[in-house]
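A structural walkthrough
Single-letter residue listing:
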Amino acid sequence: MIELMVEKLASRLAKVWAEIRRAAEKANRNANQIKLVAVSKTHGAETIKAAIEAGAKVFGENKVQEAEGKINQIGREKAEWHLIGHLQSNKARKAVRLFDVIHSLDSVELAERLERICEEENRHSLSVFVQIDLAKEATKNGIEEKDLPALVEFLRGAKHLKFGGLMIVPPYFDDTEKVRPYFRRLREIRDEILPGGELSMGMSHDFAVAIEEGATLIRVGTAIFGERDYS
Ligand SMILES: *Cc1c(COP(=O)(O)O)cnc(C)c1O
């Protein structure tokens, strides 16, 4: 049973890596510069363990509570754990304890809180990405461009928070060419405020376009684990 699952995950991972290499080649980039974050939200600890056996090293979770149970079962040190979903301030302490990277920093208030908690928890350094909302969609999280300078200034002076990059969840389009301008704009902002910083962009259906536009981390769930069951 477990062996079957490992085999299936290994073959899906191989397909994703082949597509990563193809997209990188098309853009004259080195595929080694791209990190695959396997988005394991809604999938159980057993599935994640099988994915580790199949070769996945980095996992993305969108809810602190859900991730806590799974990370405790699997072991904090067994993989690299990334928080990719919105972080509520009352979950900040748990997030500092559980995650290696937080992709969803979206306010000065949250940054101040994380910085203070790192101090209290003796967390020497925590890598954070700023999630930007370029579409100004009411349902999406992220900071608007006009509010970005204040957050960037805070991060430049922070002792524990390491400003590692930018992240975006663009609106969904079946036609991935329509997503390209969002990825391109995120890269331009990165070049302006954090040259050489990471770009967390691209999901199962559009990661090839994201790689062409410079993604250094892609967050892929469905293409690795199959459709999610939210019931
Ligand atoms: C769920 C999720 C993903 C992965 O989406 P897929 O389409 O399953 O690859 C990526 N990023 C974020 C922020 C997510 O919440």
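Residues numbered from 1 in each chain as written. Predicted model: local features only at pLDDT ≥ 70, side-chain atom pairs only at ≥ 80, totals over all residues. Heavy atoms only, no water.

Some thoughts on the nonpolar core
We apply this condition: We define the nonpolar core as a collection of buried residues of types Ala, Val, Leu, Ile, Met, Phe, Trp, Tyr and Cys that are connected through side-chain atoms lying within 4.5 Å of one another. Only protein chains enter the accessibility calculation, which uses a 1.4 Å probe; a residue whose area is less than 20% of its type maximum is buried, one above 50% is exposed, and one in between is partly exposed. Helix numbering and strand numbering both begin at the N terminus, where a helix is a DSSP run of H or I of at least 4 residues and a strand a DSSP run of E of at least 2. The criterion used for residue contact is that any of the two residues' heavy atoms lie within 4.5 Å.
Counting 71 residues, the largest nonpolar core has Phe99 and Val130 as the members making the most contacts within it. Among the elements that line this core, the one with the most residues is helix 1 (residues 2–26), at 7 residues. Setting aside its immediate chain neighbours within four residues, Phe99 contacts Glu61, Val64, Ala67, Ile71, Arg76, Trp81, His82, Leu83, Arg123 and Leu126. Listed in part, the 6 residues of the second largest apolar core include Val37, Val58, Val101 and Phe129.

With respect to the layout of surface pockets
In plain terms, the rule: Definitions used throughout: a 1 Å grid over protein atoms alone; a cavity as a set of points that fits a 1.4 Å probe which cannot get out; a pocket as an open set with protein on both sides within 12 Å along at least five of seven lines; a lining residue as one with an atom within 4 Å of a point. Grid points are joined across faces, edges and corners, and a volume is the space filled by probe spheres set on the points. Classification used: nonpolar for Ala, Val, Leu, Ile, Met, Phe, Trp, Tyr, Cys and Pro, charged for Asp, Glu, Lys and Arg, polar for all others including Gly.
In this model, the largest pocket occupies a volume close to 600 Å³. Along its surface, the largest pocket is lined by 26 residues, and Lys41, Ile84, Val169, Met203 and Arg219 are the ones closest to its centre. For the lining of the largest pocket, the per-class residue count stands at 10 nonpolar, 10 polar and 6 charged. The calculated volume of the second largest pocket comes to roughly 200 Å³. Elements that contribute at least two residues to the lining of the second largest pocket include exactly helix 1 and strand 1 (35–39). At 3 residues, the largest contribution of residues to the lining of the second largest pocket is made by strand 1.

A look at the packing of helix 5 (residues 108–120) against helix 6 (residues 148–157)
Let me state the cut-off plainly: Angular values range over 0 to 180 degrees, each being the angle between N-to-C directions of two axes fitted as lines to C-alpha atoms, with helices fitted over their stretch in contact. Small angles under 35 degrees read as roughly parallel and large ones over 145 as roughly antiparallel, with 65 to 115 read as roughly perpendicular and the rest as oblique. It is the rotation of the near helix from the far one that decides the hand of a crossing: anticlockwise by less than a right angle makes it left-handed, clockwise makes it right-handed.
Axis separation between helix 5 and helix 6 bottoms out at 9 Å; the angle between their running directions is 15°. Regarding the angle of helix 5 to helix 6, the classification is roughly parallel. In this structure, the crossing between helix 5 and helix 6 has a hand that is right-handed. Within the contact between the two elements, helix 5 uses Val108, Ala111, Glu112 and Glu115 and helix 6 uses Ala150, Leu151, Phe154 and Leu155.

Quick word on the side chain of Arg123
Note the following rule: In protein, a polar contact requires one atom able to donate a hydrogen and another able to accept it; more generally it is a pair of N or O atoms within 3.5 Å, and residues adjacent in sequence count only if both atoms are side-chain atoms.
By the element assignment, Arg123 lies in the loop between helix 5 and strand 5 (126–131). Within the structure, Arg123 has its side chain in polar contact with the backbone oxygen of Val96 (distance 2.7 Å). Not counting residues up to four positions away in its chain, the partners in contact with Arg123 are Arg76, Val96, Phe99, Asp100, Cys118 and His160.

Some thoughts on the pattern of salt bridges
Selection criterion: Salt bridges are identified by distance alone: a Lys or Arg side-chain nitrogen within 4 Å of an Asp or Glu carboxyl oxygen.
Counting across every chain of the model gives 22 salt bridges. For Lys26, the salt bridge is made with Glu212, and the minimal N-O distance between the two is 3.3 Å. In this pair, Lys26 sits in helix 1 while Glu212 sits in helix 8 (residues 207–212), placing the two residues 186 residues apart along the sequence. Overall, the relative accessible area of 19% leaves Glu212 in the buried class. For Lys78, the salt bridge goes to Glu77, with nearest N and O atoms at 3.4 Å.

Things to note about the environment of Ser40
By secondary structure assignment, the location of Ser40 is in the loop between strand 1 and helix 2 (45–53). Between the C-alpha atoms of Ser40 and Ala223, which are 183 residues apart in sequence, the distance is 11 Å. With sequence-adjacent residues up to four places away left out, Ser40 is seen in contact with Ile48, Phe59, Gly60, Glu61, Glu66, Lys70 and Phe225. Within the structure, the side chain of Ser40 is placed 2.7 Å from the side chain of Glu61, a separation counted as a polar contact.

Examining the environment of Met167
Here Met167 shows up in strand 6 (residues 161–167). With a relative accessible area of 0%, Met167 lands in the buried category. When the C-alpha positions of Met167 and Ala215 are compared, they lie 9.5 Å apart, and in sequence the two are 48 residues distant. For Met167, the contacting residues outside a window of four places in its chain are Ile84, His103, Phe129, Val130, Gln131, Ile132, Leu186, Ser200 and Arg219.

A look at the pairing of strand 1
Our working definition: Here a strand pair is declared whenever DSSP counts at least two bridges between the two strands. The handedness of a crossover follows from its direction of travel: if, with the strands pointing away from the viewer, the path from the first strand over the helix to the second runs clockwise, the crossover is right-handed.
Counting buried positions along strand 1 gives 4 out of 5 residues, so the element sits mostly inside the fold. Relative to strand 8 (residues 217–220), strand 1 runs parallel, the two being bridged by 4 bridges. Residue pairing for strand 8: Val37 is matched across the bridge by Arg219. Where strand 1 meets strand 2 (residues 58–61), 2 bridges bridge the pair, whose relative direction is parallel. From the neighbouring strand, Ala38 faces strand 2, where its bridge partner is Phe59. Between the parallel elements strand 1 and strand 2, the chain passes through helix 2 in a crossover that is right-handed.

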